[in-house]
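Residues per chain are reported as follows:
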Amino acid sequence: MIKTDLYTINIGPQHPSTHGGLHVEAVMDGEIVRDAIVHLGYVHRSVEKIAEARTYTQFIPYASRLDYLATHLPTLGYVQAVEKLMGVEVVERAQYIRVIMAELSRIASHLVFVGSLAIDLGATTGLIYCFRDRERILDMFEMTSGQRLLASYMRVGGVSADLPEEFFPAVQSFIKDMPGMIDEYNGLITGNEILQARCKGIGVLNPDVALAYGVTGPNLRASGIAYDVRKADPYGIYERFDFEIPVGEHGDCMDRLVVRIKEIEQSGNIIRQALEQMPEGEVRGKVSKVLKGEKGKEVYHRIESSKGELGFYLIGNGTENPYRVHVRAPSFVNLMVLPLISRGGKLQDIIANIATLDPVLGESDR
Amino acid sequence: MANNTDRDKAFNNVRAILEDKYEIANDPFFTYITANSDSLLSLMQTLKEQLGINYLSNLTAVDYGEEFEMVYHLYAIPDNGQKLAVKTKIPRNRAELPSVTSIYPTADWQEREVYDLMGILFSGHPNMIRVLLPDDFVGHPLRKDFKKEG
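Residues numbered from 1 in each chain as written. Chains lettered and ligands numbered in written order. Predicted model: local features only at pLDDT ≥ 70, side-chain atom pairs only at ≥ 80, totals over all residues. Heavy atoms only, no water.

## Topic: the side chain of Arg302 of chain A
With respect to the helices and strands, Arg302 of chain A occurs in strand β6 (residues 298-304). Residue classification places Arg302 of chain A among the buried residues on the basis of a relative accessible area of 2%. A distance of 2.9 Å separates polar atoms of two side chains, one belonging to Arg302 of chain A and the other to Tyr227 of chain A. There is a polar contact of 2.9 Å between the side chain of Arg302 of chain A and the side chain of Glu309 of chain A. In contact with Arg302 of chain A, other than residues within four places in its own chain, are Tyr227, Val229, Asp233, Tyr235, Glu309, Leu310 and Gly311 of chain A together with Tyr55 and Tyr75 of chain B. (Helix = DSSP H or I, 4+ residues; strand = E, 2+ residues; numbered from the N terminus. Buried < 20%, exposed > 50% of the residue type's maximum accessible area, 1.4 Å probe, protein only. Polar contact = N/O pair within 3.5 Å; in protein donor to acceptor, adjacent residues only side chain to side chain. Contact = heavy atoms within 4.5 Å.)

Written out as structure tokens, the structure is:
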């Protein structure tokens, strides 16, 4: 038996497959990964501390920068937490607009997932197809908020502006084209033999481990546990929509991909229902221009973001500034299992594992 | 969504099991349980084993000057109507608590984050080092007395 010394290979922080400033120190025994040590904090900007010096409304743009791939989801979670803290009612039309925007964000984020998984595993064309379609969502964001990536569109009590005329044909045609897009992804990416070889049976996350480590979102569902905050603890008006929770069987990289593609379909269903049910009316209720959190009152509000359970913990102190803001970031918690699913595999599997855990570093590092 | 009777049932369930040992309160969103640093671990163990609370969603700390308050938000997967917030106060001059990683492994990085940003030590934690800030960073920025200027 030949003995080899352990050696380390650094993946990142400057590496395209780490999707931002993530640094993974792979401890190798020949070709086998013995450990994958995660180093975080390269994009830490202390948003929780910043929040204490901002008013409740001023924090909205910071929230949108948490998960810059799905901009409306973190802002939605944040404004809903503020609404809970202050007992603010949200007008009906805005509720529907929020759902449409949140689900479009989820699709946009999952498209980055699918495309970047493809390119991380060497299939450059896959990325282009997903980004072609994602572009249409960003165009819609631009129509509604003037911003493509970091739209601070949510407001306490509603949204900043009504949907413009041109939004409706754009979203309708997007929904109509979606089945065709999904067929393309399945044909080009999911069905690709090389991609399957790189993903099937790789990075298996067993359901017990996923639960113990607090993994949420599509990563948990890929391991076979049908847990979705939109169903388990509905927020906003999600109770009014009929949709399914796709689950995987094996909890490997392949399942994490397939579950997300199915979720894109479900988000399309929700948007279709929301467009049908949406009433006319105001998009922003009568909310005081000065928002003050009651002293000592606290809330913890969670939503199902594209990455998992995104929570906001707010404490008021009787002024316009919060006493404390904490963000429970799904990307941060989900990354904890990266070493567990990478040990015993090959170096190239770490790339597939990072890509399919889908962390967004703006959120994990805060 | 759990309606009012479900919430009441969940609350009564918690009360029946924990009332004689812990202080329990209720608001429209959460059931609050107050523990001290000695009883924290046995409380968590009871929650997990007797109430099926298998999911520690969030944990964080708040700086109240003379003391810190740790707060843990817990649920069950699949959902059983329980929404629990466990709170523990610890003095600032002896900011140390037992780690709950042995019961909820998900606390690992989250406790490291609290140590990193708030300066609370968790005894029994397998790897009590900073997680977000560089190793040579001085101070804990989320403390209210952290000096922000130069």
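There's more to say after this.
## Observations regarding the sheet that holds strand β2 (residues 23-29) of chain A
The strands that make up a sheet are held in pairs by hydrogen bonds between backbone atoms, and each pair lies either parallel or antiparallel. All names here are of chain A. The strand order across the open sheet formed by three strands is β1-β2-β3, and the pairing between neighbours is antiparallel. Each of the sheet's edge strands pairs with one partner strand only, and the pair in question is β1 (7-11) and β3 (32-39). Going from strand to strand, the sheet's axes swing by 25 degrees on average, the running direction of each strand aside. Summarising the sheet, β2 and β3 pair through seven bridges and their orientation is antiparallel. Each residue of the ladder has a partner; that of Glu25, found in β3, is Ile37. Packed onto the sheet, helix α14 (residues 347-357) meets β1, β2 and β3 and runs at close to 150 degrees relative to β2. (Pairing = 2+ DSSP bridges. Axes fitted to C-alpha atoms, helices over the stretch in contact; angles between N-to-C directions.)

## Section: the packing of aromatic side chains
Tallied over the entire structure, the rule returns 16 aromatic pairs over all chains. Between Phe59 of chain A and Tyr78 of chain A, the ring centres sit 4.9 Å apart and the planes meet at 65 degrees, which makes this aromatic pair edge-to-face. On the criterion of sequence distance, the pair formed by Phe59 of chain A in the loop between α1 (47-52) and α2 (60-64) and Tyr78 of chain A in helix α3 (residues 72-86) is long-range, its members being 19 residues apart. Taking 6.3 Å as the distance between ring centres and 55 degrees as the angle between the ring planes, the aromatic pair formed by Tyr300 of chain A and Phe30 of chain B counts as tilted. Of the two residues, Tyr300 of chain A is situated in strand β6 and Phe30 of chain B in the loop between β1 (23-26) and β2 (31-35); the pairing between them involves two chains. For the pair Tyr300 of chain A and Phe30 of chain B, a shared accessibility class is recorded, and that class is buried. Within the aromatic cluster, the residues linked to one another by ring pairs are Tyr227 and Tyr300 of chain A together with Phe30, Tyr32, Tyr55 and Tyr75 of chain B. The cationic tip of Lys144 of chain B hangs over the ring face of Tyr323 of chain A; the distance from NZ or CZ to the ring centre is 3.9 Å. (Phe/Tyr/Trp six-rings, centres within 6.5 Å; stacked < 30°, edge-to-face > 60°. Lys NZ or Arg CZ within 6 Å of the ring centre and 35° of its normal.)

## Brief notes about α14 of chain A
Structural remark: α-helix, 3.6 residues per turn; residues separated by three or four positions point the same way. Residues and elements named next belong to chain A. Buried residues dominate α14, accounting for nine of its eleven residues. All of the buried residues along α14 are Asp349, Ile350, Ile351, Ala352, Asn353, Ile354, Ala355, Thr356 and Leu357. Positive backbone phi, approximately 55 degrees, marks Asp358, located one or two places after α14.

## With respect to helix α4 (residues 92-120) of chain A
For α4 of chain A, spanning 29 residues, the distance from its first C-alpha to its last is 42 Å, which sits close to the expected 42 Å at 1.5 Å a residue. Residue Gly122 of chain A follows α4 of chain A closely and has a positive phi angle near 100 degrees. (Expected span 1.5 Å × (residues − 1).)

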